[in-house]
Every structure is written in C-alpha cells, then in structure tokens.
Amino acid sequence: MSTADNRPLILIAPRLESTTPCLRMPEKLAPEVAAATVFLEAILAAGGMPLVMSFSDDDAVIERYVEMADGIAIPGGQDVDPALWGDEDPYPEELLCHERDAFEFKLIRAALAAHKPIFATCRGMQILNVVLGGSLCMDVPSLPAPEGMALWRHAPILNDPAHPVVIEDGSLLSRALDWRGEVQVNSSHHCCVDRLGEGVRLIAAATDGVPEAIEVEGERFCLGVQWHPEYTWRTLETDFKLWKAFVQAAAE
C-alpha cells in the first residue's frame, strides 16, 4: 500500500469559479480556486498525492511549483481563447477564462522546460496544443463526418461510455494502456484540436474522426486526452490504467 512518504506529488492546475450574487448570498464573493473531487480521487487511487495549485502570474512562483512537483495534471474547464492563435472572430466571453489561459500557458511551458510528466484532459489537451503553436476547432458539431456515418454525440456524457476511440499502435497512449485498437470513452466537449502544434502528434481519434488524444514528441510522458477519465476510472479499466501510468511516470 502507498504511504504519504512514497506517493509522487501531482500538481493540479486549478479551475477558477465565480458565484453570482443571489438571495442566499447577496454579496459578491471572491472567485474560488477549485478542483473536481473525482479528479483528486483518481490521483489518490492511482497512488499519487494531489495538490491543487494557487493562481499566480509570477514566473518564479510557477517555476517553484513545478520544481516541487513529480507530475502536473491539467484538467478540463472553460474554452481556450481563440485569440491565442490569432483567430479574431468574435467569441462569447462567458465561455472563456483569460486568467486561466495566462496561468496555464506559463505552467505548461515551465513543466515542458523541466521535462516533468504532464497529463492533460479535455481543455487541458486543447491548451497544451495551443501552447505549442497549434489551434482548435471551436465547434465540434460543425465538423464533417466520415462518409456513411454521423458524428457521435460528444457532449455531455460524463458517467458512461459515449463512443469508441481508435488508438495508434506503439503510441504513448497505447503503451500506457497496454492496449491495441479501440477503447470506449466518455465525452463532454464542443471544442477539439485542429492544427497540431510543434512536436505534437495525434495518436487517437474517435471513429467519426474527431481528435481524441495527443502526445508531445521528445518527452518521456506528455499525454493529452479529450475525454474525462476522472469520471470513469472506477468503471472503465482503461481509464484507471491512464491514471496509474501517469502516476507511475511521476514516481520514476
């Protein structure tokens, strides 16, 4: 059994949540730094020690966090601002979080520079690609489906499998899962990877062609998946294997 002394420290990039004043709390509360309980539980179950970070724009603080860490997890959340790859079309501000974009840009760059293991899910996968110079499709339902089929339903299905994903043999994801061919995953997203960033390789896609996983070449463990394995690690063997592979890479 793991003890606190031998669990690798896994940093979690926080979500930034705001509460609208209401009858129960008419005062405007400060934004809250948060992480989903299922995300923390998955890391604990896989043998890691989760630590939710504080937001900071101080490079030295972020670098100190990364220095402390054995691995960094980047979870899902708000959409990534299209302006970050030069898209000037109007986009709904209520779907964005500029503070989080700025923070995660610095965090991912620092983690890559230090060659720390990174596991990025949903939005995390998307911003990892953007940090490395890639772009996103901001409307998955508008994508063309392969001939003879419709797009899968990609949102919001968190607690059950939503569609199959085809994994590239020999990829980091294939090795992490010790798996060949297709796996079942959940799905809750309306954006996805489009143009790949520098060193980014697409290693899995849904059977309707939507990108589902990336790795960063030259890194020992830098993996992004489009689904939410924090919700299904108890019921899908492959999703629990993902968490265990990430924590094991951090332990090494």
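For the structure, check the block above.
Analysis parameters
- Residues numbered from 1 in each chain as written.
- Predicted model: local features only at pLDDT ≥ 70, side-chain atom pairs only at ≥ 80, totals over all residues.
- Heavy atoms only, no water.
- Phe/Tyr/Trp six-rings, centres within 6.5 Å; stacked < 30°, edge-to-face > 60°.
- Helix = DSSP H or I, 4+ residues; strand = E, 2+ residues; numbered from the N terminus.
- Buried < 20%, exposed > 50% of the residue type's maximum accessible area, 1.4 Å probe, protein only.
- Pairing = 2+ DSSP bridges.
- Salt bridge = Lys/Arg side-chain N within 4 Å of Asp/Glu carboxyl O.
- Core = buried A, V, L, I, M, F, W, Y, C linked by side-chain atoms within 4.5 Å.
- Contact = heavy atoms within 4.5 Å.

Observations concerning the packing of aromatic side chains
Alright, step 1. The tally for this structure, following the rule as stated, stands at six aromatic pairs.
Alright, step 2. Measuring from centroid to centroid gives 5.1 Å for Phe39 and Trp243, while their planes differ by 85°, and the two rings are edge-to-face. One end of the pair, Phe39, is in helix α1 (residues 37-45); the other, Trp243, is in helix α6 (residues 237-251), with 204 residues separating them in the sequence.
Alright, step 3. Classification of Trp243 by relative accessible area gives buried; the value is 0%.
Alright, step 4. One aromatic cluster is present, built from ring pairs that chain together Phe39, Phe119, Phe221, Trp243 and Phe246.

Concerning the pairing of strand β8 (residues 163-167)
Successive side chains on a regular strand alternate, one facing one side of the sheet and the next facing the other.
Alright, step 1. The element β8 is extensively covered by neighbouring structure, given that four of its five residues are classed as buried.
Alright, step 2. As judged from the five bridges shared by β8 and strand β9 (residues 181-185), these two strands associate in the antiparallel manner. When the bridges of β9 are listed, Val165 appears paired with Val183.
Alright, step 3. The sheet contact formed by β8 and strand β11 (residues 200-206) spans three bridges and is antiparallel. Note on β11: the bridge partner recorded for Val165 is Ala206.

Comments concerning the pattern of salt bridges
Alright, step 1. With the rule as written, the count across this model stands at twelve salt bridges.
Alright, step 2. Arg234 serves as the salt-bridge partner of Glu41, at 3.3 Å between the closest nitrogen and oxygen. Of this pair, Glu41 sits in helix α1 while Arg234 sits in the loop between β13 (222-225) and α6, placing them 193 residues apart in sequence.
Alright, step 3. With a relative accessible area of 56%, Arg234 lands in the exposed category.
Alright, step 4. Where Arg201 meets Glu168, a salt bridge forms, and the shortest distance between an N and an O atom there is 2.2 Å. Of this pair, Arg201 sits in strand β11 while Glu168 sits in the loop between β8 and α5 (172-177), placing them 33 residues apart in sequence.
Alright, step 5. The class for Arg201 is partly exposed, based on a relative accessible area of 25%.
Alright, step 6. What you see here is one network of salt bridges that share partners, running through Arg100, Asp101, Glu104 and Arg123.

As for the nonpolar core
Alright, step 1. One finds Ile72, Ile74, Leu107, Ile108, Ile127, Leu128 and Leu136 to be the most contacted residues of the largest nonpolar core, which totals 35 residues.
Alright, step 2. Breaking this core down by element, the ones donating at least two residues are α2 (59-68), β5 (71-74), α3 (98-113), β6 (118-121), α4 (123-131) and β12 (211-216).
Alright, step 3. Top element by residues in this core is α3. It accounts for seven residues.
Alright, step 4. Leave out the neighbours within four places in its chain, and Ile108 touches Ile74, Ile118, Ile127, Leu128 and Val131.
Alright, step 5. If you look at the next biggest cluster of nonpolar residues, it comprises 31 residues, including Ala73, Leu177, Ile203 and Val247.

A look at unusual backbone geometry
Alright, step 1. Between Ala155 and the following residue, Pro156, the backbone shows a cis peptide bond with an omega angle of -20°.
Alright, step 2. Among the secondary structure elements, Pro156 is positioned in the loop between β7 (136-137) and β8.
Alright, step 3. Of note in the backbone geometry, His115 takes a positive phi value of approximately 55° without being a glycine.
Alright, step 4. Positive phi, normally seen in glycine, also occurs at Asp178, with a value near 50°.
Alright, step 5. With respect to the secondary-structure elements, Asp178 resides in the loop between α5 and β9.

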